[in-house]
Amino acid sequence: NAGVMQNPRHLVRRRGQEARLRCSPMKGHSHVYWYRQLPEEGLKFMVYLQKENIIDESGMPKERFSAEFPKEGPSILRIQQVVRGDSAAYFCASSPPVRRNYNEQFFGPGTRLTVL
Amino acid sequence: AQTVTQSQPEMSVQEAETVTLSCTYDTSESNYYLFWYKQPPSRQMILVIRQEAYKQQNATENRFSVNFQKAAKSFSLKISDSQLGDTAMYFCAFAGTPHSGGSNYKLTFGKGTLLTVNP
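This write-up is about the structure you can find in this document. The model shown is predicted, which means the values in this text are computed figures rather than measured ones. (Residues numbered from 1 in each chain as written. Chains lettered and ligands numbered in written order. Predicted model: local features only at pLDDT ≥ 70, side-chain atom pairs only at ≥ 80, totals over all residues. Heavy atoms only, no water.)

**Remarks on the side chain of Ser94 of chain A**
Residue and element names in this part refer to chain A. Put simply, the rule reads: Helix and strand assignments follow DSSP, with helices taken as H or I runs no shorter than four residues and strands as E runs no shorter than two, numbered in order from the N terminus. Residues adjacent in sequence count toward polar contacts only when both atoms are side-chain atoms; beyond that, a polar contact is any pair of N or O atoms within 3.5 Å, and within protein one must be able to donate a hydrogen and the other to accept it. Residue contacts are defined here by distance: any two heavy atoms, one from each residue, within 4.5 Å place the two residues in contact.
Tracing the sequence through the fold places Ser94 in strand β9 (residues 88–95). Of note is the side chain of Ser94, whose polar atom sits 3.3 Å from the backbone nitrogen of Met26. A distance of 2.7 Å separates polar atoms of two side chains, one belonging to Ser94 and the other to His29. Sequence-distant contacts of Ser94, that is, excluding residues within four places in its chain, are made with Val4, Pro25, Met26, His29, His31, Val32, Tyr33, Glu104, Gln105 and Phe106.

In structure tokens, the structure reads:
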């Protein structure tokens, strides 16, 4: 059973370009979470999605950032007009439908975004 | 809002010895979950151990155990018989529960402790 897949692993963009980060959850998982890790920091929650629905985007910057999890295909985190401050590692996690008080989130290897 | 504090940015230990990493947190929720994650140089986030706040017994996973002090809001990780492969960043994390008015999906992380195991 393959784990959470993220691609690309490394992404370099120039200021003003767009960055698209992809996440394929584990088989059977319908919940996806995106986190951002700035240098020297812990991971910070950005958004929680289920298939075709954004459940909680309270951690997403209001501008330039968007996320989707379509019925078919991977979840996409999109950053428009990137700035140097967007340079970070972006982690995706997935979990099965929540049946208990808490379901473990399984993390992908992350995408390291560098903005020149 | 919950906060998680790890006061030790870096620690080192000799192979085969025991080390304890500290974590404190702040919350008004009555029930919640606490975690320790390991992030080796590969940057993959790996769950080490999980503790449910309503359980008084400290969680253990092989060489890893926790000292959970609910009243003090403290959640330390003890690594016994340290191995070179334990070298990594260790993150303490918190998740609430819906029954306590919190979110059970939004993990709140500390800034991490870099542990180096020396041969």
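**Topic: the environment of Ser80 of chain B**
All names here are of chain B. If you trace the backbone, Ser80 turns up in the loop between β9 (74–79) and β10 (88–96). Separated by 50 residues in sequence, Ser80 and Ser30 have C-alpha atoms that sit 30 Å apart. Among residues more than four places away in sequence, those in contact with Ser80 are Glu17, Thr18 and Arg63.

**Description of the nonpolar core**
What counts here: Definition used in this section: a nonpolar core is a set of buried Ala, Val, Leu, Ile, Met, Phe, Trp, Tyr and Cys residues joined via side-chain atoms within 4.5 Å. Per-residue accessibility, obtained with a 1.4 Å probe over protein chains only, is compared with the maximum for each type, and a residue is labelled buried under 20%, exposed over 50%, and partly exposed between these values.
Among the nonpolar cores identified, the biggest contains 25 residues, and Tyr25, Trp36, Phe75, Leu77 and Tyr90 of chain B are the most heavily contacted of them. Of all the elements, β10 of chain B adds the most residues to this core, at four residues. Those residues in contact with Tyr90 of chain B that sit more than four places away from it in its chain are Gln6, Leu21, Trp36, Tyr37, Lys38, Val48, Phe64, Leu77, Ile79, Gly112, Thr113 and Leu115 of chain B. Ranked by size, the runner-up nonpolar core spans 23 residues in total, among them Val4, Leu11, Ala19 and Leu113 of chain A.

**Let's talk about the interface of chain A and chain B**
Where we set the bar: Here the quantity called buried area is the accessible surface, traced with a 1.4 Å probe, that two parts lose on coming together, added over both. By definition, a salt bridge exists where a carboxyl oxygen of Asp or Glu is found within 4 Å of a side-chain nitrogen of Lys or Arg.
Contacts between the two partners involve 24 residues from chain A, matched on the other side by 24 residues from chain B. For the pair chain A and chain B, the two sides together bury roughly 2,100 Å², of which 49% comes from carbon and sulfur. The interface formed by chain A and chain B holds two salt bridges in total. Residue Lys106 of chain B is joined to Asp56 of chain A by a salt bridge in which the shortest nitrogen-to-oxygen separation is 3.3 Å. There are 10 residue pairs in polar contact (both at pLDDT 80 or more) connecting chain A and chain B. Among the secondary structure elements, those contributing two or more residues to the side of chain A that touches chain B are β4 (31–37), β5 (43–50) and β9 of chain A.

**Things to note about the pattern of salt bridges**
For the structure shown, the criterion picks out nine salt bridges over all chains. A salt bridge links Lys44 of chain A to Glu41 of chain A, with the nearest nitrogen and oxygen atoms 3.8 Å apart. When its relative accessible area of 23% is taken as the criterion, Glu41 of chain A is described as partly exposed. Among the ionic pairs, Lys73 of chain B bridges to Asp26 of chain B, the shortest N-O distance being 3.5 Å. Of the two residues, Lys73 of chain B is situated in the loop between β8 (64–69) and β9 and Asp26 of chain B in strand β4 (residues 24–26); the sequence distance between them amounts to 47 residues. Judged by relative accessible area, which is 25%, Lys73 of chain B ranks as partly exposed. The class of Asp26 of chain B is partly exposed, set by a relative accessible area of 42%. Several salt bridges converge on common partners, so that one network encompasses Glu18, Arg20 and Arg78 of chain A.

**Considering the packing of aromatic side chains**
All names here are of chain B. Inclusion rule: A pair of Phe, Tyr and Trp rings is counted when the ring centres sit within 6.5 Å of each other, with Trp represented by its six-membered ring. The angle between the planes then sorts it: under 30 degrees is stacked, over 60 is edge-to-face, the rest tilted.
What the rule picks out here adds up to 16 aromatic pairs over all chains. With a centroid separation of 6.2 Å and an interplanar angle of 40°, the aromatic rings of Tyr25 and Phe94 are classed as tilted. Placement of the pair is Tyr25 in strand β4 and Phe94 in strand β10, with a sequence separation of 69 residues. Between Phe91 and Phe109 the ring centres are 6.3 Å apart and the planes differ by 85°, which places this aromatic pair in the edge-to-face class. Placement of the pair is Phe91 in strand β10 and Phe109 in strand β11 (residues 108–109), with a sequence separation of 18 residues. Comparing Phe91 with Phe109, the two get one shared label, buried.

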